[in-house]
Amino acid sequence: MRRAWYWISQQGLSTQSFYKTSGRLLPFITAGFLVLFLYGLIAGLFFAPADYQQGDGFRIIYVHVPSAFAAMAIYFCMTICAVLTLVWRIKIASLCLTASTSLGAGFTFLALVTGSIWGKPMWGTWWIWDARLTSVLILFFIYGGLIALQSIIANKQHRDRAVSLMTLVGAINLPIIHYSVIWWSTLHQGATLSLFSESLIAPAMLRPLLAMIAAFMLFYGMIVCLRMRNTILVTDMKTEWVKKVLQ
Amino acid sequence: MSLSIDNLSFSRDERCLFDNITAILQPGQWCDVRGANGSGKSTLLRVLAGLIKPDNGHVTLPPFHYIGHALGLQPTLTVFEQIDWQSALLNEKIKKDALHDAIDLVGLTSMKNAFTTQLSAGQQRRLRFAILHLIPRPLWILDEPYTALDVSAQHVLHSLIEAHLQKKNRAIIATHHAMKINIPPAHTIQLEGQSCY
Amino acid sequence: MLLTLIRYDIIRTLRRGFSVVTPLLFFTMIICLFPFAIGDNARLIAPGIIWVAALLAVLLSIDTLFTKEWETGCLDHLLLSPYSLTQLVSIKLLSHWITYSLPLIIISPVLGLLLHLPPPVIKTLMITLLLGTPVLTLFGALGAALMIGIRENSVLLPILILPFYIPVLIFGTSAITTPGSLPLLGALLLFSIATLPFLITQALKIGVDT
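Residues numbered from 1 in each chain as written. Chains lettered and ligands numbered in written order. Predicted model: local features only at pLDDT ≥ 70, side-chain atom pairs only at ≥ 80, totals over all residues. Heavy atoms only, no water.

### Re the overall build of chain A
Here comes step 1: Scanning chain A for helices and strands turns up nine helices and zero strands.
Here comes step 2: Structurally, chain A occupies a C-alpha span of about 60 × 35 × 35 Å along its principal axes.
Here comes step 3: When each of the 247 residues of chain A is scored for burial, the buried share is 47%.
Here comes step 4: Long-range pairs, those at least 24 residues apart, make up 76% of the contacts in chain A with a sequence separation of at least 6. (Helix = DSSP H or I, 4+ residues; strand = E, 2+ residues; numbered from the N terminus. Buried < 20%, exposed > 50% of the residue type's maximum accessible area, 1.4 Å probe, protein only. Contact = heavy atoms within 4.5 Å.)

Below you can see the structure in the form of structure tokens.
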């Protein structure tokens, strides 16, 4: 059993097989991203009905919610990669982890900025120190710390494991962000979407939103794949299969 | 207690340092680890000491002393306190007169109350040797023990190692020139020019 | 034996000379800056000022906690000791807290008086610092443990650790105005004591194993 697992982690999840599989998947990911993104953008901005309270201003939701979702989903994904790196030392997990940090930071920044732009007309202020906003800001700082840590350590193995450990510690922030609108009564509204109960949003508004969320995640997947493939080519430069690929 | 090194391999940043190192040491034997600078001697000893995890293989060792490049001495403690601290760290009690004897043996009598920072590099090594002598361990792992030693300190080291081996203990020593002790090594691990693939 | 180790840890810190009191001086001077900057109104935000200053002072004191041990090779010997590294790390943190954080708490009433805080508030402030500074030490030590083997790390530690100081600061200062959140601060302390020494150990092992 241990040997089987060892084989999977070393061969089945090897950089070479990842390179092959991701190469086959990338066109589909890219196509899916383009279709969903264009649909979400057009349907969201032109066809979805205006909100009866917020008017057309609510349409920023089609950027704000997907980026906030991506900010947390990427961190969640990084947490899983961190465990895989620390416990089983799986190479592609650590590649995925280090490729994700700056994307996560970017989406968090986008969520903060769009939220602030949305907040000005709706709440009358750019920023408020409520629990949801503060915890997302902390998430942004944590991403920043991880990027700094990652950029300063030269030794690859050392870097991957140090970043993994810090990612795990920071994961404690995720449930706090998620439940902040429930635990504390905040200015930020409660969750719009829910897996298990009916969403509090009209279907015509909902469909483009879901499409945008999926598009953002596919975009993340696409960029991470490209980055990982780049890193793999550089680190495995001396192996036979890379020489073949580059010819 | 048995000592075996089984199929050890290690690479760092895609560069292979050593591969398939296997050795068994019987009581009273010592193993010589040879190689040029940067060949991975220190890394091998750190892997043996369990400070670094190998990529493959495993190591079974009896309790041991490890002396690396950095000696692991606290700069702000006196010679006397240093030994007290080290023995507390190893959970061992040391008798006062044994301690004084050991300090005399390694030639630090006049420096008993000096801070570690006031000792020269060679004297700091002597202090480590006093700890080797005071707290018995069936295995010594020594990384370049000749560094910074004058002739008299080398004699101290030789007699310590010989006495240690004669008591049916073992040692693994990394050097880049031959150890001048009367007991020849039972094993030699040569670390340069190995092909790893 | 463990007591001997604590004793030597404290002796070693005290022998570092003036650097032992640097965080304390820093703490005092930061607090004295505020009345100059915001005048009499400083007294309204005095607990917050003292908390932020304590936080920065702990951060200042902790950044070389493990780098010295790493450079001298002592960390190797801590790892090779029959005691678990988690035990030894806990000892080290305890003596660090005694030598660096405890003086901050002891001097805080004086600084509270300088900022015209009423005595009952000073008392609560001291309790929150007593519960909060160990959490600051623990998180700081985690950062310090990750710093071993990294050169040019001067600003990395604050960037890495300050996000985790924010909750401590929130709970610590809110406990002064609303006594209801004092148990929350206590819970945070217990949680940190339960988890962080282990994580610090792991961080040290990552640094050594490279």
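### Quick look at helix α4 (residues 121-134) of chain B
Here comes step 1: Taking 1.5 Å of rise per residue, the 14 residues of α4 of chain B would be expected to cover 20 Å, and the 20 Å separating its terminal C-alpha atoms lies within 8% of that figure.
Here comes step 2: Considering only its buried residues, α4 of chain B is in contact with β5 (64-67), α2 (79-89), α3 (96-105), β6 (139-143) and α5 (151-166) of chain B together with α5 (74-80) of chain C. (Expected span 1.5 Å × (residues − 1).)

### Examining the sheet that holds β5 of chain B
Residues and elements named next belong to chain B.
Here comes step 1: The sheet built from five strands is open, its strands ordered β5-β6-β7-β3-β8 with parallel pairing. The open sheet terminates on both sides in strands that have one partner only, identified here as β5 and β8 (187-190). In this sheet, neighbouring strand axes are inclined to one another by 10° on average, regardless of whether the strands run parallel or antiparallel.
Here comes step 2: Strand direction decides the pairing type here: β5 and β6, joined by four bridges, are parallel. Considered in β6, the bridge of Y66 is made with I141.
Here comes step 3: The strands that α4 touches are β5 and β6; relative to β5, the one it contacts most, it runs at about 175°. (Pairing = 2+ DSSP bridges. Axes fitted to C-alpha atoms, helices over the stretch in contact; angles between N-to-C directions.)

### With respect to the pattern of salt bridges
Here comes step 1: In this structure the tally under the stated criterion is 13 salt bridges over all chains.
Here comes step 2: Here R137 of chain B and E92 of chain B are joined by a salt bridge, their closest N and O atoms 3.0 Å apart. Of the two residues, R137 of chain B sits in the loop between α4 and β6 while E92 of chain B sits in the loop between α2 and α3, which places them 45 residues apart along the sequence.
Here comes step 3: Given a relative accessible area of 14%, R137 of chain B falls into the buried group.
Here comes step 4: In this structure E92 of chain B comes out as partly exposed when scored by relative accessible area, which is 27%.
Here comes step 5: With a shortest N-O distance of 2.8 Å, R12 of chain C and D9 of chain C are connected by a salt bridge. Remark: D9 of chain C and R12 of chain C occur in helix α1 (residues 2-14); sequence separation between them is three residues, near one turn of the helix. (Salt bridge = Lys/Arg side-chain N within 4 Å of Asp/Glu carboxyl O.)

### What about the pairing of strand β1 (residues 4-12) of chain B?
All names here are of chain B.
Here comes step 1: One ladder, built from six bridges, connects β1 with strand β2 (residues 15-24); its direction is antiparallel. Paired with L8 across the two strands is I21, which belongs to β2.
Here comes step 2: Sheet topology note: the β1/strand β4 (residues 56-60) ladder contains four bridges and is antiparallel. Its bridge partner being in β4, S9 is matched across the sheet by N56.

### Things to note about unusual backbone geometry
Here comes step 1: Of note in this structure, N20 of chain B is not a glycine but carries a positive phi near 55°.
Here comes step 2: Relative to the helices and strands, N20 of chain B resides in strand β2.

### What to know about the sheet that holds β4 of chain B
Residue and element names in this part refer to chain B.
Here comes step 1: What the three strands build is an open sheet, ordered β2-β1-β4; its pairing is antiparallel. The two strands at the open ends of the sheet, each matched to only one other strand, are β2 and β4. The average undirected angle you get between the axes of adjacent strands in this sheet is 25°.
Here comes step 2: Strands β1, β2 and β4 of the sheet are contacted by helix α1 (residues 41-48), whose axis makes an angle of about 125° with β1.

### Re the state of the cysteines
What we call a disulfide is simply a covalent bond connecting the sulfur atoms of a pair of cysteines.
Residues and elements named next belong to chain A.
Here comes step 1: In the structure shown here, the tally under the stated rule is zero disulfides over all chains.
Here comes step 2: Distance from the sulfur of C96, which forms no disulfide, to the nearest cysteine sulfur (C81) is 3.5 Å.
Here comes step 3: Distance from the sulfur of C225, which forms no disulfide, to the nearest cysteine sulfur (C96) is 8.3 Å. (Disulfide = S-S within 2.5 Å.)

### Side note on helix α3 (residues 61-88) of chain A
In an α-helix, one turn spans 3.6 residues, which is why side chains three or four residues apart end up on the same side.
Here comes step 1: Under the 1.5 Å per step criterion, the end-to-end length of α3 of chain A is 39 Å for 28 residues, consistent within 8% with the ideal 40 Å.
Here comes step 2: Looking at the residues trailing α3 of chain A, positive phi occurs at R89 of chain A, about 55°.

### Some points on the side chain of Q82 of chain B
Here comes step 1: Position of Q82 of chain B among the secondary structure elements: in helix α2.
Here comes step 2: At 2.9 Å, the side chain of Q82 of chain B forms a polar contact with the backbone oxygen of Q74 of chain B. (Polar contact = N/O pair within 3.5 Å; in protein donor to acceptor, adjacent residues only side chain to side chain.)

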